[in-house]
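Per-entry structural report
Chain by chain, the residues:
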Amino acid sequence: MRTVLRPLATTAALVCVAGLALTGCSLLKQADSGPFPGQTGSQVANNSVTALKGTNSLTVSGNVWDAGKKMQLNMAVSKGGDCKGTISAQDGSFELIRNAQSVFIKADEPFYRAQMKDLPKEQADAAVKQLAGHWLKSKVSDEDSKDLAALCDLNQLLKEFDKSEGAEKGKVTTEGGQEALTLTTKTTDGTETLLVATKGEPYLLKATNTGKEPSDVSFSKFNEPVQADAPTGKDVIDADKLG
């Protein structure tokens, strides 16, 4: 899952392959009485991502690092492309709404200042005064909207999760009020920890990575409708009408 993982051979597998004792293998299998018996940690991890991909919608929230900068996000996203949420970083924050026709962004002054740092001060000041704190509307098909629209692509978001290898089962804990199995994998520069729901659909509930660019992301509100209603009123500025 976006990491270089090392396959690990379990003691149980070594005993069985060596053929030291058939009864020993049987006992080891019987001992696998926790969540997801008969599945390896990697199988559980991969199945949890498959379960996420089977949802019609979900909410993703948490912290990620990109190019050394921390970002916080809370986004409700649907397979149909609707989304609503917020993204915050050291360069500012913005709210985002996307529906079938339009993309709306409502950003604060620091965000626009960062985007317009190369403009003359007078020009930047005028643009920030006009845009900051208002909903800027653009068409989904507009070139400038494509990067924002990509944040609302559920399939694209979940492509970040590659197949897991070497994940080890750990303790049973609780995440978001649900019982979850802990899976851990050693990576090249840290540890990946996954929490997978043990009841109902085996959804991946949380993924944490340590290392140079750590992340801590949770998934929730599976298959709940995304309320991506378009903002209305004087607070909306149409990008097509800007001079």
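Higher on the page you've got the structure.
Not measured: the values here are computed from a predicted model.

How each quantity is defined
- Residues numbered from 1 in each chain as written.
- Predicted model: local features only at pLDDT ≥ 70, side-chain atom pairs only at ≥ 80, totals over all residues.
- Heavy atoms only, no water.
- Helix = DSSP H or I, 4+ residues; strand = E, 2+ residues; numbered from the N terminus.
- Buried < 20%, exposed > 50% of the residue type's maximum accessible area, 1.4 Å probe, protein only.
- Areas by Shrake-Rupley, 256 points an atom, 1.4 Å probe, with all protein chains shown as cover.
- Core = buried A, V, L, I, M, F, W, Y, C linked by side-chain atoms within 4.5 Å.
- Contact = heavy atoms within 4.5 Å.
- Phe/Tyr/Trp six-rings, centres within 6.5 Å; stacked < 30°, edge-to-face > 60°.
- Pairing = 2+ DSSP bridges.
- Axes fitted to C-alpha atoms, helices over the stretch in contact; angles between N-to-C directions.
- Disulfide = S-S within 2.5 Å.

Some details on the overall build of the protein chain
What the protein chain contains, in helices and strands, is seven helices and twelve strands. Residues counted as buried form 36% of the 243 residues belonging to the protein chain. Of the roughly 14200 Å² of accessible surface on the protein chain, 51% is carried by carbon and sulfur atoms.

Describing the nonpolar core
Most often, soluble globular proteins keep nonpolar side chains buried together rather than apart. Of all hydrophobic cores here, the largest spans 46 residues; its most connected members are Leu52, Met75, Phe94, Leu96, Tyr112, Leu204 and Phe219. At five residues, the largest contribution of residues to this core is made by helix H3 (residues 41-53). The contacts of Leu204, once residues within four sequence positions are left out, are Ser48, Val49, Leu52, Phe161, Leu194, Leu195, Val196, Phe219 and Phe222. Counting six residues, the second-largest nonpolar core is a separate cluster that includes Ala76, Ile97, Val226 and Ala228.

Thoughts on the packing of aromatic side chains
Two aromatic rings, taken as a pair, are described by how far apart their centres are and by the angle between their planes. All chains considered together, the criterion is met by three aromatic pairs. Residues Phe111 and Tyr112 carry aromatic rings whose centres are separated by 5.5 Å and whose planes lie at 80 degrees to one another, so their mutual orientation is edge-to-face. Per residue, the accessibility class of Phe111 equals that of Tyr112, and both read buried. One aromatic cluster is present, built from ring pairs that chain together Phe94, Phe111 and Tyr112.

A short note on the sheet that holds strand S7 (residues 168-175)
Reading across the sheet, the twelve strands line up as S7-S8-S9-S10-S11-S1-S2-S3-S4-S5-S6-S12 and stay open at both edges, with mixed pairing between neighbours. With partners counted over all chains shown, the strands left at the sheet margins are S7 and strand S12 (236-238), one partner each. Across the sheet, the mean angle from the axis of one strand to that of its neighbour is 15 degrees, orientation sign disregarded. Of the pairings in the sheet, the one linking strand S1 (residues 57-66) to strand S2 (residues 69-78) comprises ten bridges and is antiparallel in character. Along S2, the bridge assignment pairs Thr59 with Ala76. Running over the sheet, H3 touches S1, S7, strand S8 (178-186), strand S9 (191-197), strand S10 (204-209) and strand S11 (215-220) and is turned about 120 degrees from S8.

Focus: the state of the cysteines
Tallying each qualifying case throughout the model produces one disulfide. Here Cys83 connects covalently by a disulfide to Cys152, the sulfurs 1.7 Å from one another. Placement of the pair is Cys83 in strand S3 (residues 83-89) and Cys152 in the loop between helix H6 (146-150) and helix H7 (154-158), with a sequence separation of 69 residues. The exposure class assigned to Cys152 is buried, which follows from its relative accessible area of 1%.

Structural notes on the environment of Lys171
Summarising the element assignment, Lys171 is placed in strand S7. For the pair Lys171 and Gly34, spaced 137 residues apart in the sequence, the C-alpha separation amounts to 9.3 Å. For Lys171, the residues in contact, after removing those within four places along its chain, are Ala180, Leu181 and Thr182.

Let's talk about the pairing of S8
Note that S7 and S8 share six bridges and pair antiparallel. Looking across to S8, one finds that Glu175 is bridged to Gln178. Here S7 folds back onto S8 in antiparallel fashion, the turn holding two residues, of which Gly176 has a positive phi close to 60 degrees. Where S8 lies against S9, seven bridges are found, and the strand directions are antiparallel. The residue of S9 that forms the bridge with Ala180 is Ala197. Here S8 hands over to S9 after four residues, the two strands then running antiparallel side by side.

As for unusual backbone geometry
With the exception of glycine, most residues fall at negative phi, and the peptide bonds are largely trans. Phi is positive for Phe36, which is not a glycine, with a value near 55 degrees. Unusually for a residue other than glycine, Asn223 sits at a positive phi of about 65 degrees. Here Asn223 lies in the loop between S11 and S12.

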